[in-house]
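The chain contents come next:
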Amino acid sequence: MFKKLSNIGDSGIVCDFGEEVNEKVNNEVIKLFHFVKQKSLDGTIQGIRDYTPSYNKLIISFDLKVTNFKSLFNFLNSIDFTKLEDSRKNKSWEIPICYDFSLDLENISKFLKISKNEIIKIHSETNFFVYMIGFIPGHPFMGDLNKRLFLNRLKTPRVKVPAGSVGIVEKFCNIYPYESPGGWSIIGRTPLRLFDKNNNENPSLLSPGDSVRFRSISKEEFEKIENEK
């Protein structure tokens with residue numbers, strides 16, 4: 001159950017599940033997300049414009065001409081969380097990654113005093129849990145990385161991070177679907193397309209609740225997969 005409900009602006013409400021970031025908390029967020037979505041679609045609640053889940057919070061925006069904070073507050077407080085079900089059909093993915101395209105592996109190795117091969121081994125043996133999709137379309141935020149690879153953000157973020165770049169920071173890992181700014185340490189790159197705007201049913205390759213394992217590939221295999229897209 002969430003820790004508190006609070007307003008954000010005049011037409012938004014934050015369902016706050018606390019500060020912890022783990023699978024259990026995130027599962028509660030996603031169950032509430034699907035419940036609110038369903039109740040909005042079937043007309044049980046009116047005026048919901050959007051619902052945005054994150055690691056440990058759900059933001060609901062609403063139309064002030066139709067509903068208000070108090071009505072949604074009362075509705076959310078009436079929910080019996082023990083009866084909420086997780087309707088997700090989670091998938092397990094094997095994502096190819098070429099560590100030869102790393103931008104920061106050398107610096108990571110020096111900073112952590114771990115060999116590059118050991119860093120690659122730790123990263124590729126981790127089973128990542130997709131907490132949320134955000135920042136830009138199809139952009140997955142995944143955990144939980146081995147504590148031995150704990151890193152802070154770069155002091156100076158890059159203006160351009162190549163599409164497909166795989167980054168790490170603290171206990172998290174992400175993949176940049178498009179070229180964009182970013183402050184995470186780049187450990188490699190995948191040739192897969194993370195977001196397909198022409199796929200109307202499910203444009204994002206990954207979804208919250210999915211699991212990801214990285215498979216090391218050569219530059220030759222990277223180019224082959226990329227050319228097949």
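Preceding block: the structure.
Residue positions are given per chain, counting from 1 as you read along its sequence in written order. Per-residue local features of the predicted model are confined to residues with pLDDT of at least 70, and side-chain atom pairs are confined, for both listing and counting, to 80 or more; whole-chain, interface and lining totals are unaffected and use all residues. As a convention, hydrogens and water are excluded, and side-chain values are obtained from all of the structure's heavy atoms.

1. Considering the pattern of salt bridges
Counted as salt bridges are all cases of a side-chain nitrogen of Lys or Arg within 4 Å of a carboxyl oxygen of Asp or Glu. Tallied over the entire structure, the rule returns 11 salt bridges. Of the charged contacts in the structure, one is a salt bridge between glutamate 94 and arginine 215, with a shortest N-O distance of 3.0 Å. Taken as a pair, glutamate 94 in strand β5 (residues 92-97) and arginine 215 in strand β13 (residues 211-216) lie far apart in primary sequence, 121 residues in all. Buried residues are those whose accessible area, probed at 1.4 Å on protein chains only, stays under 20% of the maximum for their type, while exposed residues exceed 50% and partly exposed ones sit between those limits. For arginine 215, a relative accessible area of 30% translates into the label partly exposed. Its salt-bridge partner being arginine 148, residue glutamate 118 comes within 3.2 Å of it at the nearest N-O pair. Taken together, the residues span a long stretch of sequence, with glutamate 118 in helix α4 (residues 116-124) and arginine 148 in the loop between β7 (140-143) and β8 (158-161) at a distance of 30 residues. Residue class for arginine 148 comes out partly exposed when judged on its relative accessible area of 44%. Through salt bridges that share partners, Asp16, Glu19 and Lys57 make up one connected network. In this text, helices come from DSSP runs of H or I with a minimum length of four residues, and strands from runs of E with a minimum of two, each type numbered from the N-terminal end.

2. Quick word on a negative patch on the surface
Together, Asp100, Glu220, Glu223 and Glu226 make up a negatively charged patch on the protein surface. Along the polypeptide, aspartate 100 turns up in the loop between β5 and α3 (105-112). Without a salt bridge and with relative accessible area above 30%, a residue can belong to a patch; like charges are then joined within 9 Å and nonpolar side chains (Val, Leu, Ile, Met, Phe, Trp, Tyr) within 5 Å. Residue burial considers only the protein chains on display, and all accessible areas are found by Shrake-Rupley using a 1.4 Å probe. We score Asp and Glu as negative and Lys and Arg as positive, and we do not count His or the chain ends. We put the charge of a Lys on NZ, of an Arg on CZ, of an Asp on CG and of a Glu on CD.

3. Remarks on the sheet that holds strand β3 (residues 48-53)
Strand-to-strand pairing in sheets goes through backbone hydrogen bonds, with the strands running parallel or antiparallel. A pair of strands is labelled paired if DSSP reports no fewer than 2 bridges between them. If you trace the four strands from one edge of the open sheet to the other, you get β1-β2-β4-β3, paired in antiparallel fashion. Strands at the two margins of the open sheet, each flanked by one partner only, are β1 (4-7) and β3. In this sheet, neighbouring strand axes are inclined to one another by 20° on average, regardless of whether the strands run parallel or antiparallel. Across the sheet, helix α1 (residues 23-41) lies against β2 (12-16), β3 and β4 (57-62), angled at about 165° from β3, the strand it touches most. Two residues form a contact once any of their heavy atoms are found within 4.5 Å. Interaxial angles span 0 to 180 degrees and are taken between N-to-C directions of axes, which are lines fitted to C-alpha atoms, for helices over the stretch in contact. The sheet strands contacting helix α2 (residues 69-77) are β1, β2, β3 and β4, and the helix crosses β2 at an angle near 25°.

4. Some words on the environment of valine 29
You can see valine 29 is positioned in helix α1. In the structure, valine 29 is positioned 27 residues away from asparagine 56 in sequence and 6.2 Å away in space, judged by C-alpha atoms. Those residues in contact with valine 29 that lie beyond four places of it in its chain are Phe17, Pro53, Ser54, Tyr55, Asn56, Lys57 and Leu58.

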